[in-house]
Amino acid sequence: MRVGNAYLCLLFFFAGFDVAAEPSPLTLADFDYDLPPDHVAQEPARPRDSARMLHIRPDRLADGLVRDLPSLLRPGDVLVANDTRVFPAQLQALRGAARIGITLDRPRADGAWKALARNGRRLRVGDVLAIEGADALTARVVDKEPDGSIGLSFNLDGEDLMAAFGRAGALALPPYINRPDGPLPSDATDYQTVFAAREGAVAAPTAGLHFTPALLAALDAAGVRRVTVTLHVGIGTFLPVRVENVAEHRMHAERGEITAAAAEAINAARRGGGRVVAVGTTSLRLLESAALPDGTLRAFLGETALFILPGYRFKAVDCLLTNFHLPRSTLLMLVSAFSGRERTLAAYAHAIAAGYRFHSYGDACFLEPCGDAR
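Below, the structure is looked at part by part. As the structure is a computational prediction, the values presented were derived from the model and not from experiment.

### What to know about the packing of aromatic side chains
Argument step 1. Within the structure shown, the criterion is met by 14 aromatic pairs.
Argument step 2. For the ring pair Y33 and Y348, a centre distance of 5.3 Å and an interplane angle of 75° mean the geometry is edge-to-face. You can see Y33 sitting in the loop between β2 (17–21) and β3 (52–56) and its partner Y348 sitting in helix α8 (residues 341–353), a full 315 residues away along the chain.
Argument step 3. Centre to centre, the rings of Y312 and F314 are 4.9 Å apart; their planes meet at 80°, and the pair counts as edge-to-face. Take Y312 and F314: they sit in the same class, and that class is buried.
Argument step 4. Here the aromatic cluster, defined as three or more aromatic residues joined through ring pairs, consists of Y33, F324, Y348, Y356 and F358.
Argument step 5. Above the ring of Y356, the side-chain terminus of R52 is found at 3.9 Å from the ring centroid.

Written out as structure tokens, the structure is:
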């Protein structure tokens with residue numbers, strides 16, 4: 001594990017992207033740690049709320065289970081979860097005799113879909129692709145972007161198009177979940193949260209995978225309020241950071257919505273002294289994107305590319321439930337901003353030594369912010 005010195009932090013705003021950077025630039029090595037491969041979970045805990053949970057407090061670490069969450073919250077706290085639903089975003093297409101793998105990201109304002117394609121450099125604008133597994137579904141390449149993505153215009157739209165994706169597509173599971181022959185039948189339910197309602201995510205908001213009806217009932221009985229927001233997780237969540245100075249990284253935009261009713265429910269909880277508890281980094285990023293400087297939330301509909309690094313000043317979120325994240329990932333950087341980089345890396349070292357399971361199907365952390373991290 002590599003742990004550097006603590007730094008004083010500045011808020012950095014660049015080209016429409018909110019980024020918190022430090023005077024002495026943070027590098028990828030500052031967010032690295034050694035993860036034994038056998039600690040990467042290949043399937044979820046059963047039942048889901050039996051997953052382990054590491055409580056990261058300012059003064060100590062405490063081992064527990066996800067089903068202990070109600071005992072860590074207070075009456076009047078508000079739990080904010082992401083209600084996005086994963087759709088099968090991986091397609092196989094033919095251009096003549098050439099087979100091309102496509103991973104969809106999100107629909108664009110012009111009606112085309114942003115996507116990544118294996119062998120995408122061979123594609124040309126105007127090429128028409130036949131999608132395997134869905135009769136008569138085709139896509140035309142309308143443009144190619146500098147970031148390597150392409151724009152695809154399909155011959156169907158709306159519910160008809162999503163139904164065709166359902167017939168032809170496969171789940172875009174993270175590469176560290178070993179599925180050499182493709183997703184298992186169980187992944188269709190395992191990789192969906194109990195909150196899933198609004199279709200549009202490429203990847204699951206994995207902190208939500210830990211919840212069960214029994215846990216939700218226990219939270220209700222404890223007087224914890226529950227609100228859902230929507231952030232459709234895109235392919236950017238799978239992409240590595242490729243710059244050494246991490247402040248130069250640019251996040252892929254993702255579509256999100258906080259309704260006026262949800263914003264008011266969260267604001268009312270805070271006015272009443274309750275804490276805002278984000279279920280996952282996706283919920284947190286959306287809440288922070290919609291927050292005014294005083295922490296008040298407004299309704300939000302659009303895209304966010306918020307990138308959170310140590311030094312970021314959190315406005316809307318008081319506590320965070322999240323999974324254990326990959327070395328050198330933007331998600332680890334966010335968690336380090338919330339609880340302190342050195343404290344986070346020490347907690348991860350504890351988790352590895354204690355046999356916690358990591359990543360999407362793995363165990364959880366419950367984070368309370370530390371004053372020196374905010």
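### Examining the nonpolar core
Argument step 1. Ranked by size, the top nonpolar core spans 57 residues in total, and within it I258, L284, L287 and F358 carry the most contacts.
Argument step 2. Excluding residues within four positions of it along the chain, F358 makes contact with Y33, L35, H39, V40, A41, F324, Y348, A351 and I352.
Argument step 3. The next biggest cluster of nonpolar side chains, apart from the first, holds 27 residues, and it includes L104, A134, I150 and F154.

### Here we look at the packing of helix α6 (residues 280–290) against helix α7 (residues 330–339)
Argument step 1. For the pair α6 and α7, interaxial distance at closest approach is 11 Å and the crossing angle is 65°. Put simply, α6 runs roughly perpendicular to α7. The element α6 and its partner α7 pack so that their crossing is left-handed. Along the contact surface, α6 presents T281, L284 and R285, while α7 presents L331, L334 and F338.
Argument step 2. Of the residues contributing to the contact of α6 with α7, the split by class is four nonpolar, one polar and one charged.

Conventions and cut-offs
Residues numbered from 1 in each chain as written. Predicted model: local features only at pLDDT ≥ 70, side-chain atom pairs only at ≥ 80, totals over all residues. Heavy atoms only, no water. Phe/Tyr/Trp six-rings, centres within 6.5 Å; stacked < 30°, edge-to-face > 60°. Helix = DSSP H or I, 4+ residues; strand = E, 2+ residues; numbered from the N terminus. Buried < 20%, exposed > 50% of the residue type's maximum accessible area, 1.4 Å probe, protein only. Lys NZ or Arg CZ within 6 Å of the ring centre and 35° of its normal. Core = buried A, V, L, I, M, F, W, Y, C linked by side-chain atoms within 4.5 Å. Contact = heavy atoms within 4.5 Å. Axes fitted to C-alpha atoms, helices over the stretch in contact; angles between N-to-C directions. Parallel < 35°, antiparallel > 145°, perpendicular 65-115°, else oblique. Left-handed = near helix turned anticlockwise from the far one by under 90°. Nonpolar A, V, L, I, M, F, W, Y, C, P; charged D, E, K, R; others polar.

Read these as spatial facts, not as claims about activity.
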